[in-house]
Amino acid sequence: MNVEQLKSILPEYPMSMRLVVAVRGGSERYETTVIEMLLKLMSQPPNTSVTFFGCDNVIIREHAGDGRPETNWLEFDLR
């Protein structure tokens, strides 16, 4: 996945939504928000590969809690 692809996907979610980056099945975690991630991506060239913790294969999952916004979150599962 490259920066341009990720920047096109993230605006589909609420900007305040919690974003969890889980590496290798959850052994390493990084937490931020959708807007914070978008701001970090703004300074990157569009065709740059997105890499977190040395992993570049990203599976994006949306987790819906009990219907309250604070229990919904977005996960990047890195392989």
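Each value, and the rule that gives it
- Residues numbered from 1 in each chain as written.
- Predicted model: local features only at pLDDT ≥ 70, side-chain atom pairs only at ≥ 80, totals over all residues.
- Heavy atoms only, no water.
- Helix = DSSP H or I, 4+ residues; strand = E, 2+ residues; numbered from the N terminus.
- Rg over C-alpha atoms; globule rule 2.2 N^0.38 Å.
- Buried < 20%, exposed > 50% of the residue type's maximum accessible area, 1.4 Å probe, protein only.
- Contact = heavy atoms within 4.5 Å.
- Core = buried A, V, L, I, M, F, W, Y, C linked by side-chain atoms within 4.5 Å.
- Pairing = 2+ DSSP bridges.

Student: Looking at this structure, how should I read the overall build of the chain?
Tutor: When helices and strands are tallied, the chain shows two helices and four strands. In sequence order, the chain lays out its α and β elements as α-β-β-α-β-β. Relative to a compact globule of 79 residues, whose C-alpha radius of gyration would be 12 Å, the chain shows 12 Å and is just as compact. Over its C-alpha atoms, taken along the principal directions, the chain stretches across nearly 35 × 25 × 15 Å. Expressed as a percentage of the 79 residues in the chain, the buried residues total 35%.

Student: Would you mind showing me how to read the environment of Ile60 here?
Tutor: Mapped onto the elements, Ile60 comes out in strand 3 (residues 58–63). Judged by its relative accessible area of 24%, Ile60 falls in the partly exposed class. When the C-alpha atoms of Ile60 and Met17 are compared, they prove to be 14 Å apart, with 43 residues separating the residues in sequence. Leave out the neighbours within four places in its chain, and Ile60 touches Met1, Leu6, Ile9, Tyr13, Leu74, Glu75 and Phe76.

Student: What is the right way to read the nonpolar core from this model?
Tutor: Proteins that are soluble and globular tend to have nonpolar side chains buried together. In this structure, Leu10, Val34, Met37, Phe52, Leu74, Phe76 and Leu78 are the most contacted members of the largest nonpolar core, which totals 19 residues. No other element matches helix 2 (residues 34–42), which puts four residues into this core.

Student: Looking at this structure, how should I read the pairing of strand 4 (residues 73–78)?
Tutor: Looking along a regular strand, one sees side chains alternate from face to face of the sheet. Burial of strand 4 is extensive: six of the six residues sit out of reach of the surface. Burial along strand 4 is two-sided: the face carrying Trp73, Glu75 and Asp77 and the face carrying Leu74, Phe76 and Leu78 are both buried. Two elements, strand 1 (residues 18–23) and strand 4, share six bridges in a ladder whose sense is parallel. Along strand 4, the bridge assignment pairs Val23 with Leu78. Inspection of the sheet shows strand 3 paired to strand 4 by six bridges, in the antiparallel sense. Note that in strand 4 the partner of Ile60 across the bridge is Phe76.

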